[in-house]
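Working through the structure, step by step
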2 protein chains.
Amino acid sequence: MTVLSTKERILNSTEELVAESGFCDLTMRQISTHANTNLAAINYHFGSKQSLINHMLERRLDTLFEMRLKRLDELENGSEQPCLLRQVLKAFIEPALVISNDERMGGQRFMKILARAYAERSDFLHELLSSRYANVIKRFAAAIERACPPLDEQTVFWRFHFIIGALTYVMADFGAASKTSHMSEQEFFATCNHQLVDFAEAALSAPRRLSECQADTASSA
Amino acid sequence: MTVLSTKERILNSTEELVAESGFCDLTMRQISTHANTNLAAINYHFGSKQSLINHMLERRLDTLFEMRLKRLDELENGSEQPCLLRQVLKAFIEPALVISNDERMGGQRFMKILARAYAERSDFLHELLSSRYANVIKRFAAAIERACPPLDEQTVFWRFHFIIGALTYVMADFGAASKTSHMSEQEFFATCNHQLVDFAEAALSAPRRLSECQADTASSA
DNA sequence: GTCTATAAGCCGATAGAC
DNA sequence: GTCTATCGGCTTATAGAC
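Residues numbered from 1 in each chain as written. Chains lettered and ligands numbered in written order. Predicted model: local features only at pLDDT ≥ 70, side-chain atom pairs only at ≥ 80, totals over all residues. Heavy atoms only, no water.

A few words now on the overall build of chain A. Along its length, chain A carries 12 helices and 0 strands. Tracing chain A from N to C terminus, the helices and strands come up as α-α-α-α-α-α-α-α-α-α-α-α. Expressed as a percentage of the 221 residues in chain A, the buried residues total 52%. The contacts of chain A with a sequence gap of at least 6 include a subset with a gap of at least 24, amounting to 70%. Counting only carbon and sulfur atoms, one obtains 51% of the accessible surface of chain A, whose full area is about 10300 Å². (Helix = DSSP H or I, 4+ residues; strand = E, 2+ residues; numbered from the N terminus. Buried < 20%, exposed > 50% of the residue type's maximum accessible area, 1.4 Å probe, protein only. Contact = heavy atoms within 4.5 Å. Areas by Shrake-Rupley, 256 points an atom, 1.4 Å probe, with all protein chains shown as cover.)

Written out as structure tokens, the structure reads:
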């Protein structure tokens, strides 16, 4: 059992409290109590409440995007060119699930927090995504485009963002959804992973404007 | 120009303020100022802040689910049996976009609010969805299942929820996303609608476990 | 129904001892 | 680095006049 520094305890407590009840009710006093320290210590280490929240987001997001980039690098240095669509999607989606399954990286808490930060339109998060992580996202979009020859750039862009939406949303709703299922959290997570990768692959494999061949769809049973 | 009651002005102002800057910073004073009334009037009409927020959500959600149900009814009383997948998806997705395009129904504000409420895990919203609107959601899931014969119930369930996630997410991020595009808000919205329906149809038309025929996907360029 | 005024309490941030 | 005590400001909710 490692002894955590006050700074780490504050970050962990912030994560736990936000995951539990959102950003709205979050107070510095709550955090300091939960982290077994005091109000002044938080301001000493982070300067302000907003700066604390930013540090909390940055810590996990750096890990997430590093993992994604590493997997994409491995894939693009591999034998297959262009990469299989499914492999690219897994490189993007699975790191989120790995983090969610590892208690040392915040466990399932972090993805809930991320979804909330998205919905709250955190300026800081938006800035982070359009600067620090923008090149990773662009590289994924390009890899997906290469792996989906029938689709134009625009359509890949839209569908990729829809998939990010689905991923974010399902992670956020995880607690509630897993309760109504009859699986253990582990099983539910594995199922979610498979279903999401299948879903993403299905959505990106189909040609544009299926409306033009509706009859096919209806009769292909 | 209709003269609005104080109650309506309060609800409208609440929507506008939440859409603009989220639930976190929302204060009763802000609302009363924006609605050209005072603090006491809000408590007179709604009793408490939470009750006001609940009324705001319920007003638009009732409209949204009524529209969805009406379109599904029309579809199921029509000639085609089972309904075309695309038509069912449109019956679910388009009412959200209709509301978003109609200033009298809250315009683009409401979908942003809904996304935020989802992410905040509003107990009230969750309860509403799993009681008052549950039967509508179940009917859509059943209609989708009938229209997608190759897919099992479980997979339809997952993919339908992923699509709800994508819809919610993209509506929430609408302002930011439309700014970076080069279209007018109207154009952006229409594009979003088409892309989302195509996306949903693509995701639900593909068979399960595409992984089993990866070679096909890779070479079908 | 609508208002003013105020109660009662929590907030983030900081000063200053150790 | 960590603490206690406190400041100034803002919050929701309510009492009571009109």
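Text resumes after the structure shown.
Near DNA strand D you find 16 residues, and of these Thr6(A), Thr37(A), Asn38(A), His45(A) and Arg29(B) are the closest. Backbone atoms, meaning sugar and phosphate, form 49% of the atoms of DNA strand D found within 4 Å of the protein. A distance of 2.9 Å separates a phosphate oxygen of DNA strand D from a polar side-chain atom of Tyr44(A). A distance of 3.1 Å is found between a phosphate oxygen of DNA strand D and a backbone nitrogen or oxygen belonging to Lys49(B). Counting only elements with at least two residues in the surface near DNA strand D, the list comes to helix H3 (39-46) of chain A together with helix H2 (28-34) and helix H3 (39-46) of chain B. Of the residues assigned to the surface near DNA strand D, the class counts are 6 nonpolar, 7 polar and 3 charged. (Near = heavy atom within 4 Å. Polar contact = N/O pair within 3.5 Å; in protein donor to acceptor, adjacent residues only side chain to side chain. Nonpolar A, V, L, I, M, F, W, Y, C, P; charged D, E, K, R; others polar.)

Moving on, we come to the side chain of Arg116(B). Note on placement: Arg116(B) falls in helix H6 (residues 109-119). Setting aside chain neighbours within four positions, we find Arg116(B) in contact with Ala119(A), Glu120(A), Arg121(A), Val18(B), Ala19(B), Glu20(B), Ser21(B), Gly22(B) and Phe23(B).

Contacts between chain A and chain B engage 52 residues on the former and 52 residues on the latter. Carbon and sulfur atoms supply 63% of the area buried between chain A and chain B, which totals about 4900 Å² over both sides. Here chain A is connected to chain B by 0 salt bridges. Elements represented by at least two residues in the side of chain A that touches chain B include exactly helix H5 (85-101), helix H6 (109-119), helix H9 (153-172), helix H11 (185-205) and helix H12 (214-219) of chain A. For the side of chain A that touches chain B, the leading source of residues is H9(A), giving 13 residues. Grouping the constituent residues of the side of chain A that touches chain B by class yields 26 nonpolar, 15 polar and 11 charged. (Buried area = accessible area lost by both parts, 1.4 Å probe. Salt bridge = Lys/Arg side-chain N within 4 Å of Asp/Glu carboxyl O.)

Superposing chain A onto chain B requires a rotation of 180 degrees together with a translation of 0.0 Å along the rotation axis, leaving an RMSD of 0.1 Å. Classification of the inter-copy transformation places it as that of a two-fold axis. (Least-squares fit on C-alpha atoms with pLDDT ≥ 70 in both.)

This paragraph deals with empty space enclosed by the protein. All names here are of chain B. Per the stated rule, a full pass over the model turns up 2 cavities of 30 Å³ or more. Roughly 40 Å³ of volume is contained in the second largest cavity. Taken together, Glu76, Gln81, Pro82, Cys83, Val88, Ala143, Arg146 and Ala147 form the lining of the second largest cavity. With 3 residues, helix H8 (residues 134-147) is the single largest residue contributor to the lining of the second largest cavity. Residues belonging to the lining of the second largest cavity are distributed by class as follows: 5 nonpolar, 1 polar and 2 charged. (1 Å grid on protein atoms, 1.4 Å probe; cavity = no way out; pocket = protein on both sides within 12 Å on 5 of 7 lines; lining within 4 Å. Points joined across faces, edges and corners; volume = space filled by probe spheres on them.)

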